[in-house]
Amino acid sequence: MNTDELEYALMKAERRVLEIQTKLHRWVREGPHRRFSDLFNLVADPAFLLVAWARVRGNKGARTAGVDGETAYYVETVRGVEKFLDGLRNAIKDRSFCPLPARERMIPKPGGKQRRLGIATVTDRVVQASLKLVLEPIFEADFLPCSYGFRPNHRAHDAVAEVRHFTSHSYEWIVEGDIKACFDEISHAALMDRVRARVGDKRVLAW
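Starting afresh in each chain, residues are numbered from 1 along the sequence in its written order. Thresholds applied to this predicted model are a pLDDT of at least 70 for local features of residues and 80 or more for the giving and counting of side-chain atom pairs; totals over whole chains, interfaces and linings are not thresholded and use all residues. Where side-chain values are given, they derive from all heavy atoms of the structure, hydrogens and water being excluded.

**Digging into the pattern of salt bridges**
Move 1: Throughout this description, the term salt bridge denotes a Lys or Arg side-chain nitrogen within 4 Å of a carboxyl oxygen of Asp or Glu. This structure, assessed with the given rule, holds twelve salt bridges.
Move 2: Glu 140 is the salt-bridge partner of Arg 151, the closest N and O atoms lying 2.8 Å from each other. Taken as a pair, Arg 151 in the loop between helix H6 (122–140) and helix H7 (156–167) and Glu 140 in helix H6 lie far apart in primary sequence, eleven residues in all. As far as burial versus exposure is concerned, Arg 151 and Glu 140 are alike and both buried. Put simply, DSSP H or I for four residues or longer makes a helix, DSSP E for two residues or longer makes a strand, and each gets a number counted from the N terminus. Partly exposed residues are those whose accessible area sits between 20% and 50% of the maximum for their type, while under 20% is buried and over 50% is exposed, using a 1.4 Å probe and protein chains only.

Dropping the structure here:
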């Protein structure tokens, strides 16, 4: 598949993904207690995998390899994107896909401290991105408008603008806080309980 063919296929894939995401979001809005029992096939859908690949490829971390030593550039130039995605889809469908351990790097933080960074393989990143495309519209419907963390079209600047708005309308106090090592200490079991409230597909939950 040449560059023009890939771009056209990506354009069609993005349209299909958006249509399905819109349906998922609408179904959640219409059914506050709805659980989804068949999301696995969407994660393995060629359109979702292609859009996921494009997002991984466009990320600045695309040049960084995981434990297998492969980068997105390697996939493009050596393995071939079409062959790579076909193989990944087959591995997901026949249940032979298994994530590899993340490569760990220590990143300096202000004050001399360090933060552990886990670098997944390109293959695992594509599956993660596809899974995110499926799950995001489902859980987005449950968030309140005032929640700004790690959400599409919700930036820190938007939160600052809201604070400015409230402080100009009689609000006098702003409380800012931070949870120490939040992602290190947060309860995985508690998170999974929240996921199960919306996701009933055991294959997806296993991931």
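**Let's talk about helix H3 (residues 46–58)**
Move 1: The terminal C-alpha atoms of H3, which comprises 13 residues, lie 18 Å apart, in line with the 18 Å expected from a rise of 1.5 Å per residue.
Move 2: The complete set of buried residues in H3 reads Ala 47, Phe 48, Leu 49, Leu 50, Val 51, Ala 52, Trp 53 and Val 56.
Move 3: Considering only its buried residues, H3 is in contact with helix H1 (3–30), helix H2 (40–43), helix H4 (72–79), helix H5 (81–93) and H6.
Move 4: Between N or O atoms, a polar contact is any pair within 3.5 Å; within protein, one atom must be a potential hydrogen donor and the other a potential acceptor, and residues adjacent in sequence are included only when both atoms are from side chains. Measuring from the backbone nitrogen of Ala 47 back to the side-chain oxygen at the start of H3 gives 2.8 Å, which picks out Asp 45 as the cap. Helices are assigned an expected span. That span is 1.5 Å times one less than the residue count. The contact criterion used throughout is that any non-hydrogen atoms of two residues lie within 4.5 Å.

**Side note on the side chain of Asp 201**
Move 1: Note on placement: Asp 201 falls in the loop between helix H9 (188–196) and helix H10 (202–206).
Move 2: A relative accessible area of 2% places Asp 201 in the buried class.
Move 3: Among the polar contacts listed, one links the side chain of Asp 201 to the backbone nitrogen of Leu 39, at a separation of 2.9 Å.
Move 4: With sequence-adjacent residues up to four places away left out, Asp 201 is seen in contact with Phe 36, Ser 37, Asp 38, Leu 39 and Phe 40.

**Quick notes on a negative patch on the surface**
Move 1: Patches draw on residues past 30% relative accessible area with no salt bridge. Two like charges within 9 Å are joined, as are two nonpolar side chains (Val, Leu, Ile, Met, Phe, Trp, Tyr) within 5 Å. Computed by Shrake-Rupley with a 1.4 Å probe, the accessible areas treat only the displayed protein chains as cover when residues are assessed. The positive count covers Lys and Arg only, the negative count covers Asp and Glu only, and His and the chain ends enter neither. Charge coordinates come from a single atom per side chain, which is NZ of Lys, CZ of Arg, CG of Asp or CD of Glu. Taken together, Asp 4, Glu 5, Glu 7, Glu 82 and Asp 86 make up a surface patch of like negative charges.
Move 2: Those elements that provide at least two residues to the negative patch are H1 and H5.
Move 3: Looking at the negative patch, the element that brings in the most residues is H1, giving three residues.
Move 4: Its location among the elements puts Asp 86 in helix H5.

**Regarding a positive patch on the surface**
Move 1: A surface patch of like charges, here positive, comprises Lys 109, Lys 113, Arg 115 and Lys 180.
Move 2: Residue position: Arg 115 is located in strand S2 (residues 114–119).

**Describing the nonpolar core**
Move 1: Leu 39, Trp 53, Phe 84, Leu 85, Leu 88, Ile 92 and Val 126 are the most contacted members of the largest nonpolar core, which totals 43 residues.
Move 2: A per-element tally of this core places H6 first, with nine residues.
Move 3: Setting aside residues up to four positions removed in sequence, Leu 85 forms contacts with Leu 49, Leu 50, Trp 53 and Val 126. The term nonpolar core refers to a set of buried residues drawn from Ala, Val, Leu, Ile, Met, Phe, Trp, Tyr and Cys, joined through side-chain atoms within 4.5 Å.

**A closer look at the side chain of Asp 45**
Move 1: When you line up the elements, Asp 45 lands in the loop between H2 and H3.
Move 2: Take Asp 45: its relative accessible area is 10%, and that puts it in the buried class.
Move 3: Among the polar contacts listed, one links the side chain of Asp 45 to the side chain of Arg 16, at a separation of 2.6 Å.
Move 4: Apart from the residues lying within four places of it in its own chain, the contact partners of Asp 45 are Arg 16 and Arg 89.

**A closer look at the UniProt feature "domain: Reverse transcriptase" (unreviewed entry) in the chain**
Move 1: When the UniProt feature table is mapped to this numbering, "domain: Reverse transcriptase" (unreviewed entry) covers residues 107–198.
Move 2: This span, residues 107–198, is 48% helix and 9% strand, and a straight line between its end C-alpha atoms measures 35 Å. UniProt positions are given in the numbering used here, feature names are shortened, and annotations may be inferred rather than shown by experiment.

**Some details on the pairing of S2**
Move 1: Two strands pair if DSSP finds at least two bridges between them. Pairing between strand S1 (residues 103–108) and S2: six bridges, direction antiparallel. In the strand pairing of S2, Glu 104 is matched with Gly 118.
Move 2: Between S1 and S2, which pair antiparallel and follow one another directly, the connecting turn spans five residues, one of which, Gly 111, has a positive phi of 90 degrees.

**Remarks on the packing of aromatic side chains**
Move 1: To pair, rings of Phe, Tyr and Trp, with the six-membered ring standing in for Trp, must have centres within 6.5 Å; the planes then decide the type, stacked if under 30 degrees apart, edge-to-face if over 60, and tilted in the middle. Throughout the structure, instances matching the rule amount to five aromatic pairs.
Move 2: Pairing Phe 150 with Phe 183 gives two aromatic rings, centres 5.9 Å apart and planes at 80 degrees, and the pair type is edge-to-face. With a gap of 33 residues between them, Phe 150 in the loop between H6 and H7 and Phe 183 in helix H8 (residues 182–185) connect regions that are remote in the sequence. By the burial criterion, Phe 150 is exposed, and Phe 183 matches it.
Move 3: Between Phe 166 and Tyr 171 the ring centres are 4.8 Å apart and the planes differ by 45 degrees, which places this aromatic pair in the tilted class.
Move 4: Residue class for Phe 166 comes out partly exposed when judged on its relative accessible area of 32%.
Move 5: In this structure, Arg 95 packs its charged tip against the face of Phe 40, placed 5.6 Å from the ring centre. The criterion is that NZ of a Lys, or CZ of an Arg, lies within 6 Å of the ring centre and within 35 degrees of the ring normal, and then a charge sits over that ring.

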